[in-house]
Amino acid sequence: MNTPRIALVTGANQGLGRALVEGLAARLGADDLVLLTGRSEQRVTDAAREVAQLPATRAQVRGRVLDVTDAAAIGRLADELQGQYGGVDVVISNAVARLLPDESQSERADEVIDVSNTATHAVLRSFGPVLRPGGRLLVVASSLGTLGHLDPRVGRLFDGANLDQVEYAVESWRTAVHNRTAQEAGWPRWLNIPSKVAQVAAVRALAAERRERDLATDTLIASVCPGMVDTATSRPWFSDFSDAQSPSDAARAVLDVVFAEHVDPVLYGELIRFGKAVDWHSGAPLTEQDRLIKP
């Protein structure tokens, strides 16, 4: 008898996260379990029930309240799944804080950093040790998360950094935002850029520690860019949406990484976009978003 597979998606009651749960539930088997998580008990309960009732759903789907800004709660969930099931097979970290151009970047900085970065660090630290051989641990990031989008003065903090150093760089950025010295130090005004770079850097840091043994067991740790997704979060920031996808379409590229028959060593630890690794040192500073930003 095959061991049931356990999958977890954070930030999963709507948008891309919900689409990822739907895709996992359709591709996994009847004995497998998909955990749909979010902060609102009602939304999580409703979303899990709705996904479970979809005609394509094969796996079991359960809702679980999880506030990703609570690192201790993430750790408790990892311990629980380890104790009950012996680990997890798929973890997709997808939580995001919605930030609009007319909202103050400095006033929203803590929430954005806590949801996108502190939570990512907690997921990597807690679920890395309980990821079963052959598993997939993915962080949904962005092609904006490459070093070329940062001033070299701050980009160097993330290049070749271990996870402790990434966390230190993120907290240094947070402090600079609150002290209103961020731009002087070289940090971009738009919070999304350092946040995404730090996510990718954190994944690279953990992957660097585990690469040899993970590749030996066909296990993958990586960040993934699903491409531009047409959501209320992204639409205010970009003028050209000609290539934007629905959440369901965007989820397919992520799920193809999850269900790939074997791990490609070229993709291990990298930022993956449509099946290919994005150059860590690529990118260029953006200016369109700076014109929209309220300090």
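Given the structure is predicted, the values throughout are model-derived calculations rather than measurements.

Parameters and conventions
Residues numbered from 1 in each chain as written. Predicted model: local features only at pLDDT ≥ 70, side-chain atom pairs only at ≥ 80, totals over all residues. Heavy atoms only, no water. Helix = DSSP H or I, 4+ residues; strand = E, 2+ residues; numbered from the N terminus. Buried < 20%, exposed > 50% of the residue type's maximum accessible area, 1.4 Å probe, protein only. Core = buried A, V, L, I, M, F, W, Y, C linked by side-chain atoms within 4.5 Å. Contact = heavy atoms within 4.5 Å. Pairing = 2+ DSSP bridges. Axes fitted to C-alpha atoms, helices over the stretch in contact; angles between N-to-C directions.

What to know about the environment of Ser248
Its location among the elements puts Ser248 in helix α9 (residues 247-258). Judged by relative accessible area, which is 40%, Ser248 ranks as partly exposed. C-alpha of Ser248 to C-alpha of Leu16: the two residues are 232 residues apart in sequence and 6.9 Å apart in space.

Considerations on the nonpolar core
Taken as a class, soluble globular proteins show a tendency for nonpolar side chains to be buried jointly. Counting residues in each nonpolar core, the largest one holds 97 residues, and the members touching the most others are Leu20, Leu24, Ile92, Phe127 and Phe158. By residue number, the principal contributor to this core is helix α8 (residues 192-216), which donates 10 residues. Discounting residues that sit within four places of it in the chain, Phe127 has contacts with Leu8, Ile74, Leu77, Ala78, Leu81, Val88, Val91, Ala122 and Leu137.

Brief notes about the sheet that holds strand β1 (residues 6-9)
Pairing is mixed across the open sheet formed by eight strands, whose spatial order is β3-β2-β1-β4-β5-β6-β7-β8. The outermost strands of the open sheet, each flanked by one partner alone, are β3 (60-65) and β8 (276-278). The average undirected angle you get between the axes of adjacent strands in this sheet is 25 degrees. Two elements, strand β5 (residues 131-140) and strand β6 (residues 220-225), share five bridges in a ladder whose sense is parallel. Residue pairing in the sheet places Val139 in a bridge with Ser223 of β6. On the sheet, α8 packs against β5, β6 and β7 (271-273) and is oriented at approximately 155 degrees with respect to β6.

Some thoughts on unusual backbone geometry
Residues other than glycine seldom take positive phi values, yet Asp218 does so here, at roughly 60 degrees. Looking at where Asp218 falls in the secondary structure, it is placed in the loop between α8 and β6. The partly exposed category is assigned to Asp218, whose relative accessible area is 21%. Non-glycine residue Phe274 carries a positive phi angle of around 50 degrees. Summarising the element assignment, Phe274 is placed in the loop between β7 and β8. Classification of Phe274 as partly exposed rests on a relative accessible area of 44%.

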